[in-house]
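# Breakdown of the fold
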Amino acid sequence: MSNKIKKIGILTSGGDGPGMNAAIRSVARYGLHFGLEIAGIMRGYQGLLEDDIVPMNHRSVSNIINRGGTILKTARSKDFSTDEGKKKAAEVLHRNQIDALVVVGGDGSYRGASRLYELHGVPTIGLPGTIDNDLNGTDQTIGCSTAINTALESIDKIRDTAQSMERIFVVEVMGNKSGYIAMEVALAAGAEDVIIPERPFDYEAMHDEAREGNKKGKVSWIIIVAEGAGKAQTIAENITKAVGLETRYVVLGHVQRGGTPSGQDRILSTRLGAAAVDLLLNGVYGKAVGVLQDKINVVDLKDASRRIHEDMDRRYQLLKILT
Ligand code: F6P
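The text that follows walks through the structure, step by step, so that each part is easy to find. Source: prediction; values computed, not measured.

### Details of unusual backbone geometry
Despite not being glycine, Asp51 has its phi angle at roughly 60°, a positive value. Mapped onto the elements of the fold, Asp51 is located in the loop between α2 (44–49) and β3 (53–56). The exposure class of Asp51 is partly exposed, given its relative accessible area of 31%.

In structure tokens:
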């Protein structure tokens, strides 16, 4: 074990996700266990630039494993995205004698952590914190499982009213570039269709299907759309126009980002937090940690962003077969 790292900073960055607190707890308590000092950096990279840093002890992370959001708060920092911002961030870390940085965040946060390491030699480790599940090197990202469960809870309720009132519902879920949540939710809800950014969608075919189904007595549909693939309101209005069936829409939005983290998210975060500290203690920097096939998996931060799920077509086929 290298003794170069004595003090670790931790921050959460970008969109929050349930389970981030469990990651903070794990990094803090596991690090303290090995005699490290832990510094909590508030409001992501923006708080780092503003020197908004608090010392953390065992008690700082009491009773947070079950809480959504992030006690460190989070932000998307424009100032940090510049070269000047990264230089300043490295200086603030140096001034606070923070030897290494754990960043819990998504795509953009990973790119920032990667550049901090490349440009200024700051030992960084990334933990996949985003509900979108769109990062490489891990089967799941922190928050995704909870977001899926949260969306499902609402969609199950929507199905009750859709069936009772014989309506079509278009439900918009989160995911700007990633249709992962939409696809998983559609499969788990038994939805009739799903529209995602990763694959072209044939609206005419959907309208035909609804018309045909209706002739045979099918009276309610649930159609899931990822926010980056289309607007639920427009899709619903077009269905009403083209098919003549009463269609309503629901935008689930940020409710999917909050709430009590699922067991899966808490466990993922807990394992990843400890793994991040292990890497730093072993002198391994500039990496992203994930879990692949139930084993801790480490990839270069610069290769970890932008995962495209390759089996979306297959999942779509399955959805349609089971509808
Ligand atoms: O990246 C997570 C995410 O929730 C995306 O699914 C969504 O497109 C985006 O954040 C929303 O960002 P904001 O909270 O800034 O509106």
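### Looking at the site of the ligand
In the neighbourhood of the ligand, the contacting residues comprise Arg76, Thr130, Ile131, Asp132, Met174, Gly175, Asn176, Glu227, His254 and Arg257. One nitrogen or oxygen atom from the side chain of Asp132 is found 2.7 Å from an oxygen atom belonging to the ligand. Within the side chain of Arg257, an N or O atom sits 2.9 Å from an oxygen atom of the ligand. In isolation the ligand exposes 400 Å². Once the protein is present, 72% of that is buried. Judged by the proximity of its atoms to the pocket grid, the ligand belongs to the largest pocket. Looking at the shell around the ligand, its residues break down into two nonpolar, four polar and four charged.

### Overview of empty space enclosed by the protein
This structure, assessed with the given rule, holds one cavity of 30 Å³ or more. In this model, the largest cavity occupies a volume close to 40 Å³. For the lining of the largest cavity, the secondary structure elements donating two or more residues are α7 (203–215) and β8 (221–226). No other element matches the three residues that α7 contributes to the lining of the largest cavity. Grouping the amino acids of the lining of the largest cavity by side-chain chemistry returns four nonpolar, no polar and four charged.

### Notes on the sheet that holds strand β9 (residues 247–251)
Pairing in this open sheet of four strands is parallel, and the strands run β7-β8-β6-β9 from one edge to the other. At either end of the open sheet lies a strand with only one pairing partner, and these are β7 (193–195) and β9. Here the average twist between neighbouring strands, direction ignored, is 20°. Where strand β6 (residues 168–173) lies against β9, five bridges are found, and the strand directions are parallel. Residue Val170 lies in a different strand from β9, and its bridge partner there is Tyr249. Packed on one face of the sheet, helix α5 (residues 144–165) meets β6, β8 and β9 and runs near 165° to β6.

### Observations regarding the side chain of Gln256
Among the structural elements, Gln256 can be located in the loop between β9 and α9 (263–281). Overall, Gln256 belongs to the buried group, its relative accessible area being 0%. What Gln256 contacts, discounting residues up to four positions off in sequence, is Ile131, Ala147, Thr150, Ala151, Val173, Met174 and Ile181.

### So, the layout of surface pockets
Roughly 930 Å³ of internal volume is contained in the largest pocket. Lining the largest pocket we find 36 residues, and of these Arg76, Gly106, Asp107, Gly108 and Lys177 sit closest to its centre. Sort the elements by how many residues they give to the lining of the largest pocket and helix α4 (residues 107–120) lands first, with six residues. When the residues that make up the lining of the largest pocket are grouped by side-chain class, the tally is six nonpolar, 15 polar and 15 charged.

### Digging into the side chain of Asn133
Mapped onto the secondary structure, Asn133 falls in the loop between β5 (124–128) and α5. In this structure the side chain of Asn133 is engaged in a polar contact, spanning 3.2 Å, whose partner is the backbone oxygen of Asp139. The residues contacting Asn133, other than those within four sequence positions of it, are Asp139, Gln140, Thr141, Cys144, Tyr180, Arg307 and His309.

### Regarding helix α11 (residues 312–322)
Every α-helical turn comprises 3.6 residues, leaving residues that sit three or four positions apart pointing alike. Here α11 has its buried residues at Met312, Tyr316 and Leu319. Viewed end-on, α11 has its buried residues packed into an arc of 60°, placing them on one side of the element. Exposed side of α11, more than 90 degrees from the buried face: Arg314, Ile321 and Leu322 are the residues found there. Structurally, α11 contributes buried residues whose contacts are with α6 (180–189) and β7.

### Digging into the packing of α7 against helix α8 (residues 232–243)
Put simply, α7 and α8 touch, their axes get as near as 10 Å, and they point 55° apart. It follows that α7 is oblique to α8 by the angle criterion. By crossing handedness, the relation of α7 to α8 is classed as right-handed. Each of Tyr203, Met206, His207, Ala210 and Arg211 in α7 lies in contact with α8, whose residues at this interface are Ile235, Asn238, Ile239, Ala242 and Val243. Its residues assigned to classes, the contact of α7 with α8 shows seven nonpolar, two polar and one charged.

Criteria and cut-off values
- Residues numbered from 1 in each chain as written.
- Predicted model: local features only at pLDDT ≥ 70, side-chain atom pairs only at ≥ 80, totals over all residues.
- Heavy atoms only, no water.
- Helix = DSSP H or I, 4+ residues; strand = E, 2+ residues; numbered from the N terminus.
- Buried < 20%, exposed > 50% of the residue type's maximum accessible area, 1.4 Å probe, protein only.
- Near = heavy atom within 4 Å.
- Polar contact = N/O pair within 3.5 Å; in protein donor to acceptor, adjacent residues only side chain to side chain.
- Areas by Shrake-Rupley, 256 points an atom, 1.4 Å probe, with all protein chains shown as cover.
- 1 Å grid on protein atoms, 1.4 Å probe; cavity = no way out; pocket = protein on both sides within 12 Å on 5 of 7 lines; lining within 4 Å.
- Sits in = over half its atoms within 2 Å of the grid points.
- Nonpolar A, V, L, I, M, F, W, Y, C, P; charged D, E, K, R; others polar.
- Points joined across faces, edges and corners; volume = space filled by probe spheres on them.
- Pairing = 2+ DSSP bridges.
- Axes fitted to C-alpha atoms, helices over the stretch in contact; angles between N-to-C directions.
- Contact = heavy atoms within 4.5 Å.
- Arc of directions from axis to C-beta.
- Parallel < 35°, antiparallel > 145°, perpendicular 65-115°, else oblique.
- Left-handed = near helix turned anticlockwise from the far one by under 90°.

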